[in-house]
Each structure stands twice: as C-alpha cells, then as structure tokens.
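Coordinate analysis (summary)
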Amino acid sequence: MAPSKFAGFLLLLSISGAVRVSGTSFFDQNYRIKWGYDHAARFDNGQEVQLSMDASSGSGFESKKSYGFGFFDMEIKLPGTNSAGVVTTFYLISLEGDRHDEMDFEFLGNREGKPITLQTNVYADGVGDREQRILLWFDPTADFHSYKILWNDHQIVFYVDDIPIRVFKNNTRIGVPYPARPMQIEASLWNGDDWATDGSRTKIDWRYAPFRARYRGFDISGCESWGHDARGCDSPAYWWNSPEHWALDEAQERRLEDVRKSYMNYDYCADRSRHPVPPPECL
Ligand SMILES: *[C@@H]1O[C@H](CO)[C@@H](O)[C@H](O)[C@H]1NC(C)=O
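What you see is a predicted model, and the numbers here were worked out from it, not measured in a lab.

Thresholds applied
Residues numbered from 1 in each chain as written. Predicted model: local features only at pLDDT ≥ 70, side-chain atom pairs only at ≥ 80, totals over all residues. Heavy atoms only, no water. Salt bridge = Lys/Arg side-chain N within 4 Å of Asp/Glu carboxyl O. Helix = DSSP H or I, 4+ residues; strand = E, 2+ residues; numbered from the N terminus. Buried < 20%, exposed > 50% of the residue type's maximum accessible area, 1.4 Å probe, protein only. Disulfide = S-S within 2.5 Å.

Moving on: the pattern of salt bridges. Applying the stated criterion across every chain, the model contains 17 salt bridges. Residues Glu-62 and Lys-34 are paired through a salt bridge, measuring 3.7 Å at the closest nitrogen-oxygen approach. Residue Glu-62 is found in strand E4 (residues 59-63), and its partner Lys-34 is found in strand E1 (residues 31-35); the two are separated by 28 residues along the sequence. On the accessibility criterion, Lys-34 (34% relative accessible area) is partly exposed. A salt bridge links Asp-267 to Arg-260, with the shortest nitrogen-to-oxygen separation between them at 3.2 Å. Given a relative accessible area of 29%, Arg-260 falls into the partly exposed group.

Structure below.
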C-alpha cells in the first residue's frame, strides 16, 4: 500500500470507524458518468465499468473532483474485434479557463489482426500538437493493463504497466509552458474515424458494434484542487512529489529508451514537415 493511501486508510478508520478492504475501489466514490449514460454499465458492485459504443452513441466518465499533481492510474481492457476508427481514452484535462492543459492516453483501434496504436499528447496553456505514438508489446484487448500518469512540479511521466513510455519535463526555464492547472480525470469510448486509423482512410465497421472498453481501478492518488491554480499541491508531503519522482532513475531511463527504439512509430519532435525547427522541449 502506498504511504498516502495508508494514511488515508488510517484517517478513514479514525473518523468513521469503518474498515475499508484494501485493493477495492468503487466507481461511484470518485467518478461519474459524463455522457452516453445508457452506454455505460457497472459490474462487480461498481468495481468495473464498461463503456460501449454503437452507431447511436459512445460514452464517457469523469472524476467528481479535480486534482493538481498526483499519480493517476487506470486499468483498461480495450475493445476486442475489428476496432478500426474506435478511440478509447484515459486523460486529464483542465476545464477552467480557455487555455487548457491536458495529458492524454488515446488508443487508436485498428482492423482485425493489425496492431493498436497508443498515442500520447500533452497540452500546456492551450497548446498541444505534441503527439507521440507507440505500438504496444502485448495485445491490449486480451486483458487489463495499467496505464498511469505521474504529474508533479518536475515532470510528467506516462507509464504502461510500470514501464515509462514518455517523459515531459518542466521546461518553463526555457520558455515551454508546463501543465499547472487543476485537472479532472476523464475516460471515453468514441468515434474517431475521421482521424484515428490510417489517417482516416479506415472507417468504423458497424457490423462489429457494439464496441466495448472496460475500466477498473478507481482509487485516485492526487491532490484535490479547484480553480485556476493548484496551490499547495507541490507539498513534499505528497509521495508523488518526493525527490525520487523528480526524474527517472537509470533503470527507468533504459526502459524508456528501449520503448522508444523498439515501439515508437511517430514522434512530433522528429516531424520536420510539422515542425521545421524542433520545439524547444525536444532539444
Ligand atoms: C516548473 O519549474 C520552475 C522552475 O524551473 C518552477 O518555478 C515552477 O514552479 C515549476 N512548475 C510549474 C508548474 O511551472
């Protein structure tokens, strides 16, 4: 059990006297359905949620609260069959103000037998266009895998099953905006066939609908925060802000390099047609 969860557990004990079974987390405690209500279903007493999409609608959910910094974790099992054009997401987004911050996991479905692409992106101060894409080293439709975003004052790290696949550093020093606004956690299953697969040439095959994505792991390790800035959330009392989370260690660096070498098939940093001069955070 992580220290903060343990502290929360003790606190809960002392306030309510109730005992929470560790390792369980119920959707309705921390999340609510945001859209496509009749396309979302709870299983296992709400410890698992299924979003489905057919020609009439997809579905999405959101955290009830917003957070400044944390270590955000979701287990996802992607739609199985012939999911070209189907986009499954898990992301954080700031909803206050117009120049928003965002960090995304977006799974781009594919035709049967072809690999699913995982796209990540980071928006800061309203500016995105920072896509990276990797192919996964396992079949993400066969079982649940964990997808995580670490976000603190120093870095944003995207993880797949504890393997870092992307780092976005705090480069405000050299003029690159860094996400700092409180964010909500969101997830969705939606129709992305105008962009997601083969540059939109492959459309959704509705004969395979409904498409279904499953989510579980609804605990949230984050600093609750509202409004335009995450004041107080940089406190070293939160474990995700501690120095060991300021940068990857050597072993993690090596794993990240391996992923980039073996599985990355698009990096905005290397796209000279979009960025004739590489953005400063890429250098
Ligand atoms: C980023 O780093 C700078 C120092 O380089 C620091 O002042 C700032 O608080 C950090 N966090 C954000 C969200 O910009």
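The next thing to look at is the state of the cysteines. For the structure shown, the criterion picks out two disulfides. Disulfide pairing is shown between Cys-223 and Cys-233; the S-S distance is 2.0 Å. Where Cys-223 bonds to Cys-233 through sulfur, the torsion about that S-S bond is close to -75 degrees, and the disulfide is left-handed. Of the two residues, Cys-223 is situated in strand E15 (residues 221-224) and Cys-233 in the loop between E15 and helix H3 (250-263); the sequence distance between them amounts to ten residues. Judged by its relative accessible area of 3%, Cys-223 falls in the buried class. The buried category is assigned to Cys-233, whose relative accessible area is 0%. Put simply, Cys-269 and Cys-282 are joined by a disulfide, and their sulfur atoms are 2.0 Å apart. Disulfide Cys-269-Cys-282: the torsion about the S-S bond is -70 degrees, which places it as left-handed. Of this pair, Cys-269 sits in the segment after strand E16 (264-267) while Cys-282 sits in the segment after E16; the two residues are 13 residues apart in sequence, bridging distant segments of the chain.

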